[in-house]
Structures are given as C-alpha cells and as structure tokens.
Amino acid sequence: MSGTEQVLYANVIVDISHEKLDKIFQYRVPDVLRMQIHPGTAVTVPFGNGNRRIQGYVVKLTDRTDYPPEKIKEIQGVCAGQTGVEGKLIALAAWMRDYYGSTMIQALKAVLPVKQKVAQKEQKQIRLLLPEKEAREMLQVLEKKNQKARARLLDALLVIARQNEKGMAVLSWERAKEQYGVTMPVVRAMEEKGIVKLESMRIYREPLDLMISRSDQKQEEVKMQTGRDFFLNEEQQLAVQTILKEWDQKDKSVYLLHGVTGSGKTEVYMELIDFVRKQGKQAIFLIPEIALTYQMVLRFYQRFGSRVSILHSRMSAGERYDQYEKAKNGEIDIMIGPRSALFTPFSNLGIIIIDEEHEESYKSETVPRYHARETAQRRAEMEGAKLILGSATPSVESYYRAEKGEYCLLEMKRRANRQKLPYVWIGDMRNEMREGNRSILSRYLQEQLGMCLERGDQAMLFLNRRGYAGFVACRSCGTVIGCPHCNVSLSLHKKGTAGEKLVCHYCGYTQPNPRLCPSCGSPFIGSFQVGTQQVVSQVQRMFPKARILRMDADTTRGKDGHHKILETFAKGGADILIGTQMIVKGHDFADVTLVGALAADLSLHMSDYRAAERTFQLLTQAAGRAGRGEKTGSVVIQTYEPDHYSIKAAAAQDYQAFYEEEILYRSLMDYPPVGGMLALHGQGEDESYLQMAMEYLKKYLDVLAKKTQARVIGPADESVSKVADIYRKVIYVRHGRKEVLDQIKERTEQYIEINRGFDKITIQYDRD
C-alpha cells in the first residue's frame, strides 16, 4: 500500500437466509484484493471467536469505521465463481440505497422479498423394488399369511408396473392410504424386507396450474397450442427486427415501444422473449396490476407452457417462496408479476419488459421509494440484459428520454387487426346540470347504454375516483379551487369543530372552504362523493334487466377476487362492468363496444404536477377497451372541463398533441423530467416536534438553496397527514439539474446524521 492510500473496509452481510437481514459486519480489505472486491462480491470471512470461515456478501465499501481498527478482522478471500444471483441482487440493493436514500437493510428487504424461509412442500410415494416375477411370488406368500393390507399394496403396485412401459411402479402415499387402506406401519414393515421403498419428493405450490384449470380452456387444449406459429403484422415485425438487429450493441439497451391501444404490443413482447429463451436466458415481464394477471398468463401459457410462472401479493407465502426457488433452480424461464417480480432471482437474465410503463403503481410507496423503471434499467445494465418499456400512453419522463436519445423509440400507430379506433364523444356535464339532469350519467350515455344492451353487446363504466378525496369544484361552471402559488388544486380537510379548510400539499397554503362558487356564485360547489356502489344502484334502476358486475377494492379483497370477476365478464356472464381504474388497464374483451368514463376530470385536480398526465393516460386507456373485436366501439367521456388539453387529446387518441402541451408546462414550471424534484417526507409521533424538526430542516435547505439556486417548498402536511398515530409532513426541493439535487440529498443526509434531534423522527427521500 502506498503511503497516501487509505485503509479500505467492507460492510459484509454474512447471512441472507431472509430472517437475519439486519446484521452487517465490517472487515478490512487486504491490498491484494482491492481490485476484486465491490458491492455484491462473495467473500470468505472469519466469523465468531473460533475464527471459523464462512461466506458473505459485500454490501458497501468505505474508508471509515465505527470500531477500533485493530479489532477489525481481514477478508480472507474472494469466492471465485460464487458471486451468483444473490450477489447481483445485493449489488442492486446497494445502488438502490445510494440512489433512493434508504438504509441498506431497507433496500435488502425490498430486493430479497421473501422475509422468512417457508417449509418445503413434500409428497411421499411408495416405489416397488422387486422385479415382477419376485413380486408375484411375494404376493402369494402375503396372501397365504393373510397379511391383507400388504397384499393389497403389492397387488396395486404390480398393476401399475404392468401399465408402465419400463415396468416401474410408484404409488402416492395419499392414494395408498385412502384407496387401499394402507397404514404407515405396513409400509415400514415391507420396506424392512426390501419389497418397497418410501420416498419423499419435493413438490411446488402451483398457483399457475390452479389458474389454468379454472379457465374456460382446458389444460390439454392450451398445451396443444404451445409452440404454435405466431404471425406478426408489418409494424410488429419492424419493432422486433429493429431490437434483434441491435441486440449486441451495448449502447442500445432501453427501448420505448409506443403503440396505440390494441396495436399488439404483447405479441412483440412474446416474440422477443422467445428469442431470449432460445439463447438459454430468462425474462421478467412486469404488469402494473394483479387484475391483469389472469388474461396475460393465459396468453403466455399458450405459447410457452409450464416454463412460465407468476408472482403477486395475493399469493400465499409458500406459493411465493416456491416460485422464487423454481426461478433460482432454473426450472422456469419467464416470471410475470407486478413491481416486486423485478427481483426474481434469475441467474442468466436476458430481458426485462415493463408493460404499461406509465403506471404509477410501478413506484414504491414504502422505503426505499424506488421506481421499477429506473431500477429495472440498473439491473439490466448490471446483467447485460435488454429493457423494453411499452405503453399506448408513455410517461412524459420516458418519452422525453426517447426524444433526447437516451431510449430507442419504436412506434406502432395502427391496431393489430386494422380495427378502427373507437368514436369518442365528450359530454359537458355543466350543460347536463343546467338542463336539470342530476344523474351521474349524461343523457347521451344513457341512450348509448340502452342501445348497447339491445344489441347484446357489453359495456364498461369507469368511475375515475383517482384524486376524488380532495378538490372542491363547482358543478355549474366547472371552476376548481386551486393554490395561487403552486398550480395544483387545494385539498379539502375537515378539522372537527373548526370546520372545513382547503390546503395545498406542496406549500402549505390554506383558506376556508367557500359556500358559493367564487366565479359564478352557484351554491352547487363541493367535493365529489359518488362511489361505485351508487353508480351500480343508479344504472340498475335505469336498466333493471341488465346483469351488472362491480369491480373495485371492496369486491376484489379475496385471493381470487380479480380473477373471478374478469373471468365471469369474459364469458359473457354480465352485460355491464362498473369499476374504478383497475378495469381499464390492459384488458381485452372482444364484445365490449361501449365505454363510459364517469367524472373524467377528477384526476385532473389532484394535488400533483402530473395530474394532467394521469388524466390523459386514464382516459386514453379507458377508450382503448372499446371496439377491440370485430365491431366498432364508442366512448363517452363526461367532464366539467371539455376544453382541457388532456381531455381533448385523449378523445382524439393523440399522444403527440398532449405531450407537446404538457412538456411546455413542465419546462415553464421546472418540473420533471425537464427539471428535478426531491421530496423529504418526515414522520413522527409528536406533531409539534415533527413540525419543529421540519422547520430546522427547511432552514438548512434554504442555506443550500441559496448556493445552488434551488427552490424549497414547504413544510406542509402530506395529503394523508396522520396514519396509525404517526404524523406526516413533506418538504419539496426543485432544481433544473438533477445532479444538484443529488448533492443536496447527500448534504442533507450528513446534516441529519450528525444532529441527534432527528433521532425521534424518520426522514425518507423520494425522487421526482
């Protein structure tokens, strides 16, 4: 070591059996190993008083230690070829810790999501050891001795042997017990004499088999289709060929597939996955909602058979554990699931696909507050895999990066089977109000719904509840009460006897809740209160013979809630499906010819700079559910703001028009992706103490802001300001350059670490 080179230490996790993730040990890095050790490297370290050698994984390198240097032991070696999938995932966790501002423990618990080892599920079976001739002789002996149970078991095994081409005979313990009345002492006695052998075989809990068996298609029919040819149209072929032609170019690692609803993006995904599988590699396919699993899995199973598996939060711990084990052991090639499936322990990952990449469910709401899109890009870079982002309504961030050349943009502008895009009618609910219609359905939508039912077609009514629990609007003129400082709507808060007030969750501005509209003086001003149950009641009264299904958080609480409702609707078991945003994401129902978007502009007034983007995406996706079969579809968008650019662009299915307007607004306000935003979320049991701590933090941030020209906003209450007796507040920092926000985050972490006053509260970071 040169005289100026510092001593290097490694934080090592020595047990990743999932229940002991909170113990990290520190070791000194020998000079000879400096170039070989990095986060994720498997190393051999001395452990315990006896200095026994065990394997661990490096999670961080540092030149600082909290212990006397003379007491720190030295890493003994690097485990050549041992840095497998666990090492890769631990290295990913180390990146997440630094990028999103969490502890290493929090990052590890996200990346290694099975928190505790679940017992393996085993099946016992009885195997015949004797050749057929000897077995027949033994059967005669048992019958003469009147050992009836042993004779029944041996006779059953001989029948199985005759039916097997190779003469092998294996009988499950359950069948032997239930069908032949065999007890365990009988089996043990025969085992001692060398007649049979009792074996234990590992079996996996298979949620996919259950899903397939419940579907309208029998497993045999599905398997017959496995491996059949898939024909792509010109646009689909061009997308696939472009990616495959550039497959070995390392600078072309992220592709944004922008295809209109119904353009056949899934067929493109499957073709790419087929290519990856033929290379001996694996694929991760992310979907935004559990509700999408049912249809998507059937399509993948038809093509790839039992090499497909699923992961989602409604599965039991045992089911999830088994899917991870199958992936780790190389028994599956494709994992389908929401955000957490990104951390599937594949050892030879070839591709990650994020379908509906614009969905906000890809952003974690718990620490670390990672985004699946950014984290998937990092994992793909680390493992030499490709990342495909797909959407009919790409996030502004992704499209902006594609415009800058960071992503490769591929576009599909026509529906796969040349179907026409649906006809869209915008209903002005202000006129309905003036003309005496107090119903949640406009007169035009009522008329279209009646015609749809007469034809025997299906309809979907989407209640846009996103953002409902907040803004105050006038039903006469459409005016929404907004913050004069932040260009977002104010949120309604009820403060007991103190009455109601409107609050901005960005800067903290407050004002009383008005009783009359400040624009037109109408008394019809207030917050939106309608839920899916009320919509179902109104529609049932209007159309008493209609068969109605409701799909929302309440009706899908059960393990198979989504699956059962969607399967019933797909089989024609209902005429109308009424639900929240979960019904408009990626579903494909050929008989749906009418979609009604109720209260379309609710999401337009969320306290969020992405409100217009969320609205455009929801309405465009909703419109895309209509007319996906042979019949032309129609869509009714009901709104109090028919002239808003996001609603007009959604009605026209014109992403480019929306993007150009939206990116101009983001540029003027310095919002992401043009600029950067950092949120600091504070939580604590004592509201006054939390407020004081956040004020101190604000003062420190103001000092940093003067040096960097950043803008600090807040502190303010979170949109939900108290959860389980924990108070929540937030400060926002904005700057045109994200690297400046990185520096501010790092300085703030150091400030919090050296100030013990912050020990009583929790500070979490969130990007953009």
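Residues numbered from 1 in each chain as written. Predicted model: local features only at pLDDT ≥ 70, side-chain atom pairs only at ≥ 80, totals over all residues. Heavy atoms only, no water.

**Q** Could you give an account of the environment of Gln419, naming the residues involved and the relevant values?
**A** Along the chain, the position of Gln419 falls in the loop between strand 15 (408-412) and strand 16 (423-428). Sequence separation between Gln419 and Gly633 is 214 residues; the distance between their C-alpha atoms is 9.5 Å. (Helix = DSSP H or I, 4+ residues; strand = E, 2+ residues; numbered from the N terminus.)

**Q** Requested: an account of the pairing of strand 4 (residues 52-62), with residues and values cited.
**A** Bridge count for strand 1 (residues 9-13) against strand 4 is five bridges, and the pairing is antiparallel. Across the sheet, the residue bridging to Ala10 is Leu61, located in strand 4. Where strand 3 (residues 42-47) meets strand 4, six bridges bridge the pair, whose relative direction is antiparallel. Along strand 4, the bridge assignment pairs Thr44 with Gln55. (Pairing = 2+ DSSP bridges.)

**Q** So what about the pattern of salt bridges? Which residues, and what values?
**A** All chains considered together, the criterion is met by 37 salt bridges. Close ionic contact of Asp31 with Arg34 constitutes a salt bridge, the shortest N to O distance being 3.8 Å. Arg34 gets classed as buried once you look at its relative accessible area, which sits at 18%. In this structure, Arg373 and Glu357 form a salt bridge, with 3.0 Å as the shortest nitrogen-oxygen distance. Note that Arg373 is positioned in helix 13 (residues 372-383) and Glu357 in the loop between strand 13 (349-355) and helix 13, a separation of 16 residues in sequence. Residue Arg373 is classed as buried on the basis of its relative accessible area of 7%. One network of salt bridges, in which partners are shared, links Glu271, Asp274, Lys278 and Arg303. (Salt bridge = Lys/Arg side-chain N within 4 Å of Asp/Glu carboxyl O. Buried < 20%, exposed > 50% of the residue type's maximum accessible area, 1.4 Å probe, protein only.)

**Q** Hey, could you go over the sheet that holds strand 4 for me, with residue numbers and the actual values?
**A** Strand order across the open sheet formed by five strands is 2-1-4-3-5, with antiparallel pairing between neighbours. Sheet topology places strand 2 (24-28) and strand 5 (77-78) at the edges, where each strand pairs with a single neighbour. Inspection of the sheet shows strand 1 paired to strand 2 by five bridges, in the antiparallel sense. The partner of Ile13 across the bridge, within strand 2, is Ile24. Taken strand by strand, helix 1 (residues 85-100) contacts strand 1 and strand 4, and its axis lies near 30 degrees from that of strand 4. (Contact = heavy atoms within 4.5 Å. Axes fitted to C-alpha atoms, helices over the stretch in contact; angles between N-to-C directions.)

**Q** Go over the side chain of Asp274 with me, naming the residues and quoting the values.
**A** With respect to the helices, strands and loops of the structure, Asp274 is situated in helix 10 (residues 265-278). A relative accessible area of 14% places Asp274 in the buried class. The contact partners of Asp274, leaving out residues within four places of it in the chain, are Arg303 and Phe304.

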